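Okay, here's what each chain looks like letter by letter:
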Amino acid sequence: MTYKGVNQILYGGDYNPEQWAEEVWLEDMQIMKQAHIKIVTLNVFSWAALQPDEDTYCFERLDRIMNLLRENGFLVCMATSTGAHPAWMAKRHPDILRTDGNGRKRKFGGRHNSCPNSPTYRLYASRLAKRLAKRYKGYSNIVAWHVSNEYGGTCYCENCEKAFREWLKRKYKTLEEMNRCFFTDFWGHTFYDWDEVVLPNLLSEHFIGENGEERTMFQGISLDYMRFISDSMLECFQIEYRAIREEMPDIPITTNLTGADKNLDSQKWAKQMDFVSWDSYPRPSDSAAETAMSHDIMRGLKGQMPFVLMEQTPSVTNWQPYNKLKRPKEMRLLSYQAAAHGADAIQFFQIRRGKGACEKFHGAVIDHAGRTDTRVFQEVTQLGQELELLNGAFLESKTPSQAAILFDWDNWWAVEYSAGPSILIRYLDVVKAYYTALFEDNILVDFIGAEDELENYKIVIAPLLYMVKTGLEEKIEHFTENGGCFITGYFSGIVDEHDLVLEGGYPGTLKEVLGIWVQEQDALPKGEKNAFYYKEEKYPAEILCDLILLGGADSVSTYTEDFYQGISVITRNFYGNGTAWYVGTSSSKEFYREFLSDRCREAGISPCFVTPSGVEAAIRKGKNGSFLFLLNHTEQEQEVVLDRTYRDLLFGEVYKGGERVLIEKKDVWILMEVR
Ligand code: GLA
Ligand code: ZN
């Protein structure tokens, strides 16, 4: 369940009437109706207006807006406005300002600018949330609360430093344990008092590497800082959450995430959110797979529960170096792609384009001309009509995936803080390589966390499983023993959750299930390659080459070059009723495609539908039936052959199995299985 009591696919967007005169609001009501908009996200950045000083709160304008929206039948996702603090607050309470990684205290400006450990921020943010909830709890058109906006960033101020020490005390209990986990015997960094701990940044343990990347000398403390700062912001969310909850006991509360954002342990966050919502801004150069992957990661945060696409641009962004327009039909295609991967509501940033400041050229449903005969408005309206027609068909339905990718924030941080073996090892790149191969074969994928169950899947892929958290190896063994196919690869099984090496040879606690050990790892500079054969084909080995020795597994392929020619690069271990695979290097797109399609075939996972290249297929299944989404991402019309009888939900036509149908370029078909 996303929005409360809703039985349709909600459509709408961020509405900022505070930027306009009241006559414009009246006009907006009509225009929004014309576009079939049903919901607005309101009050995202109004803190200064709602609270002009320490003791005064002014809700009158918001009352008028709320009344107007209610009279006009619009639903509201109510934001708390705490994503940017007022200027007076920064002046009177400088503790609210953030400090950057170089120790420079910021002045007032920007947004997402409050120190998450500032007592001022926490006090005033929860007070505002509470007052808002109290004032508007009688409005039954509020279907959710939207706390703050796009949490993120870091702070290194003194309050954060103090809070960090407390966080560490709670975690480690004793200094001995903390010293052990941080491995402070190295360079004699032993702490004899909690107060000796300082935040890891460019003034302490961090430095800028040869390629401009920020690096650390002590992974343990840097990793804990990432956990701490994500937790600190989560506490801010929870403080507001509780304030709203006290007033409105049964309204869902969310915050808008930004996709796979490295700064927030979103799996941990999602547990505290009533539903996941997120803002999708693919760059024109992003592949369909990349966008789909973000949706799937977001869906995975809360047990594969549908989510809200809180923001997307109807046409264009302003913050990229080159803000290319979404081409005709592209917005519709991306909207349905979100729906195909689990979105139950489709919303825009923003309804009306602002007149000033940095987002004045950001796309909006109503642009500066204020007209409804624009291309964008017409496309928005068409989609609104269609969503109305769909009448909630696939709402709350699920993706029936049999393959999963293990995704873990701690692991992501740890991999990329690692000093060696190579700065080319990037977590998302490797995840993307595996995901893309499955995506291009129309294999449905779930993203799961280290705490989730593996048993529901036939294949579990754990790319770059560098950090193996306690107990995870047992889950993997159990899964494989019971017939699962487990796949991992280079730079896996290296450390525990403290970034301390799992002794006894790599891949640490995964040696048993994988039946191998890795003696050395060769990090090849950019452009250098080794090679290997998989079946008849030769593929490149790049970035990292693991020199694998067999300990029960079979060698499936060996390197063809260099001193480790003949040494294993891919292995397979029969373990119980299942198989555990190890791919000891990074290779080409073609390799992953071939490799994974073999594993899927063996595991009995078939594409959810067979399409020509560039046509995406995805399925959602729920109480109303099974829905097949066909999305033609190409610039040409494409033919597909239907595998059974379907009804086209947008045009009503029924098609029989075996029929050939043509999907226009950039078009989408939503087909419901007829039984
Ligand atoms: C984010 C924010 C919005 C807006 C858009 C612009 O997603 O949440 O307030 O700034 O970006 O793309
Ligand atoms: Zn701070």
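Right above here is the structure, for reference.
Figured I'd write up the structure that's included with this text. Bear in mind the structure is a predicted one, so any value in this text is a computation, not a measurement.

A word on the pairing of strand S2 (residues 39-42)
Residues Ile-39 and Thr-41 line one face of S2 and the alternating positions Val-40 and Leu-42 line the opposite face, and both faces are buried. The parallel pair strand S1 (residues 10-15) and S2 is bridged by helix H1 (residues 22-34), and the resulting crossover is right-handed. Of the pairings in the sheet, the one linking S2 to strand S3 (residues 75-79) comprises 4 bridges and is parallel in character. Its bridge partner being in S3, Val-40 is matched across the sheet by Val-76.

What to know about the sheet that holds strand S9 (residues 277-279)
In spatial order, the strands read S7-S4-S3-S2-S1-S11-S10-S9-S8; together these 9 strands make up an open sheet with parallel pairing. At either end of the open sheet lies a strand with only one pairing partner, and these are strand S7 (253-254) and strand S8 (256-257). Running at roughly 170 degrees to S2, helix H3 (residues 60-71) makes contact with S1, S2, S3 and strand S4 (142-146) of the sheet. The strands that helix H11 (residues 330-340) touches are S1, strand S10 (307-311) and strand S11 (343-348); relative to S11, the one it contacts most, it runs at about 145 degrees.

Some details on the site of ligand 1
Near ligand 1 you find Phe-45, Arg-111, Asn-149, Glu-150, Asn-256, Asp-279, Tyr-281, Glu-311, Trp-319, Phe-349, Glu-359 and His-362, and these make up its full shell. Interatomic distance of 2.8 Å between a side-chain N/O atom of Arg-111 and an oxygen atom of ligand 1. Separating an oxygen atom of ligand 1 from a side-chain N or O atom of His-362 is a distance of 2.7 Å. In isolation ligand 1 exposes 310 Å². Once the protein is present, 96% of that is buried. Classifying every residue of the shell around ligand 1 gives 4 nonpolar, 3 polar and 5 charged.

Brief notes about the coordination of the zinc ion (ligand 2)
Each angle at a metal carrying four tetrahedral donors should ideally be 109.5 degrees, and each at a metal carrying six octahedral donors should ideally be 90 or 180 degrees. At 2.3 Å from the zinc ion (ligand 2) lie its protein donor atoms, namely Cys-115 (SG), Cys-155 (SG), Cys-157 (SG) and Cys-160 (SG). Here the zinc ion (ligand 2) binds 4 donor atoms, and the angle range of 101 to 116 degrees at the metal identifies the geometry as tetrahedral. Each donor residue of the zinc ion (ligand 2) lies on one chain, and together they are spaced C-x39-C-x1-C-x2-C. Of this pair, Cys-115 sits in the loop between helix H4 (87-92) and helix H5 (119-136) while Cys-155 sits in the loop between S4 and helix H6 (158-172); the two residues are 40 residues apart in sequence, bridging distant segments of the chain. By relative accessible area, which is 0% here, Cys-155 ends up buried.

Some remarks on the packing of aromatic side chains
For the structure on display, the rule yields 45 aromatic pairs. Measuring from centroid to centroid gives 5.0 Å for Tyr-151 and Trp-269, while their planes differ by 55 degrees, and the two rings are tilted. Remark: Trp-269 occurs in helix H9 (residues 266-272) and Tyr-151 occurs in the loop between S4 and H6; sequence separation between them is 118 residues. Each member of the pair, Tyr-151 together with Trp-269, is buried. Arranged with centres 6.0 Å apart and planes meeting at 25 degrees, the rings of Tyr-435 and Phe-439 form a pair that is stacked.

Quick notes on the rules
Residues numbered from 1 in each chain as written. Chains lettered and ligands numbered in written order. Predicted model: local features only at pLDDT ≥ 70, side-chain atom pairs only at ≥ 80, totals over all residues. Heavy atoms only, no water. Buried < 20%, exposed > 50% of the residue type's maximum accessible area, 1.4 Å probe, protein only. Helix = DSSP H or I, 4+ residues; strand = E, 2+ residues; numbered from the N terminus. Right-handed = clockwise from strand over helix to strand, strands pointing away. Pairing = 2+ DSSP bridges. Contact = heavy atoms within 4.5 Å. Axes fitted to C-alpha atoms, helices over the stretch in contact; angles between N-to-C directions. Near = heavy atom within 4 Å. Polar contact = N/O pair within 3.5 Å; in protein donor to acceptor, adjacent residues only side chain to side chain. Areas by Shrake-Rupley, 256 points an atom, 1.4 Å probe, with all protein chains shown as cover. Nonpolar A, V, L, I, M, F, W, Y, C, P; charged D, E, K, R; others polar. Donors = N, O, S within 2.8 Å, 3.2 Å for Na, K, Ca; no water. Tetrahedral: all angles 85-135°; square planar, octahedral: opposite > 155°, others 65-115°. Phe/Tyr/Trp six-rings, centres within 6.5 Å; stacked < 30°, edge-to-face > 60°.

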